[in-house]
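# Commentary on secondary and tertiary structure
What follows is the residue order along each chain.
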Amino acid sequence: MIEDFTGEIHRPGRIEVVCGSMFSGKTEELIRRLKRAKFARQNVEIFKPAMDTRYSNVDVVSHDHNTIHSTPVENSEAILALSAGHDVVGIDEAQFLDDKLVDVCNQMANHGIRVIVAGLDMDFRGVPFGPIPALCAVADEVTKVHAICVKCGSLAYASHRLVKNESQVMLGEKMEYEPLCRECFQKALEEDHRDSMSGNLFENIES
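Residues numbered from 1 in each chain as written. Predicted model: local features only at pLDDT ≥ 70, side-chain atom pairs only at ≥ 80, totals over all residues. Heavy atoms only, no water.

### Examining the nonpolar core
Counting residues in each nonpolar core, the largest one holds 22 residues, and the members touching the most others are Ile79, Ile91, Cys105, Met108 and Val117. Elements supplying a minimum of two residues to this core: β3 (14–20), β8 (88–91), α3 (101–110), β9 (114–120) and α4 (132–138). Examining the composition of this core, we find that six residues originate from one element, α3, more than from any other. Sequence-distant contacts of Cys105, defined by excluding residues within four places in its chain, comprise Ile15, Ile91, Val115, Val117 and Leu135. Within the second largest apolar cluster, twelve residues are counted, among which are Ile31, Ile46, Ile68 and Ile116. (Core = buried A, V, L, I, M, F, W, Y, C linked by side-chain atoms within 4.5 Å. Buried < 20%, exposed > 50% of the residue type's maximum accessible area, 1.4 Å probe, protein only. Helix = DSSP H or I, 4+ residues; strand = E, 2+ residues; numbered from the N terminus. Contact = heavy atoms within 4.5 Å.)

Structure follows, in structure tokens:
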């Protein structure tokens, strides 16, 4: 391995995964690593799912409003087609992409590309989300980042959805989600279940 003038060690062909709950700094860390690679004069490209238009249609934007230009893609195979000639490839919000992303990342890494992936590892129910768990299994390096639980101040474990929507995929921010530790998350799920049962009972009485 060769260390360049920025202190960044060039590691040919590898997969790095940055995962955690919402508001944990995943995108911030992704942007930091990519900007460092750019400073080292490496050829960098970043992709994100085309459906993610919360802050920008084309840029990757962190919650702290740090930005880096990206290429929106509809599916994982598009990344493979556009990655040729790059030293480093970043992928944000990877949980929204299809399961072929695992094979795509492996192919890129096997061809000497450093692949950095950021995404939610669990959905609002605490269920493993999209291709992230499988990517963690094949990655050379996994970094689990944490937000702070808004209820008790412990390290956050999962993203609790604040609005009634049972779809696994729902774009949102602080009005729709909150980071909670494991204990507070379990309490919140129990409360959601009780509220749901009470709502169903009220609907049945009315009908």
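### Focus on the confidence of the model for the protein
This prediction gives the protein a mean pLDDT of 85; 79% of its residues lie at or above 70. Under a pLDDT of 50 for its full length, residues 1–6 has, in the predicted model, 14 contacts with residues more than four places off or in other chains. (pLDDT = per-residue confidence, 0-100.)

### Observations regarding α3
Of the residues making up α3, those classed as buried are Leu101, Val102, Val104, Cys105, Met108 and Ala109. All buried residues of α3 lie within an arc of 165 degrees about the axis, which places them on one face of the element. Against the buried residues of α3 lie β3, α2 (76–82), β8, β9 and α4. Directly after α3, the chain includes Gly112, whose backbone phi takes a positive value near 90 degrees. (Arc of directions from axis to C-beta.)

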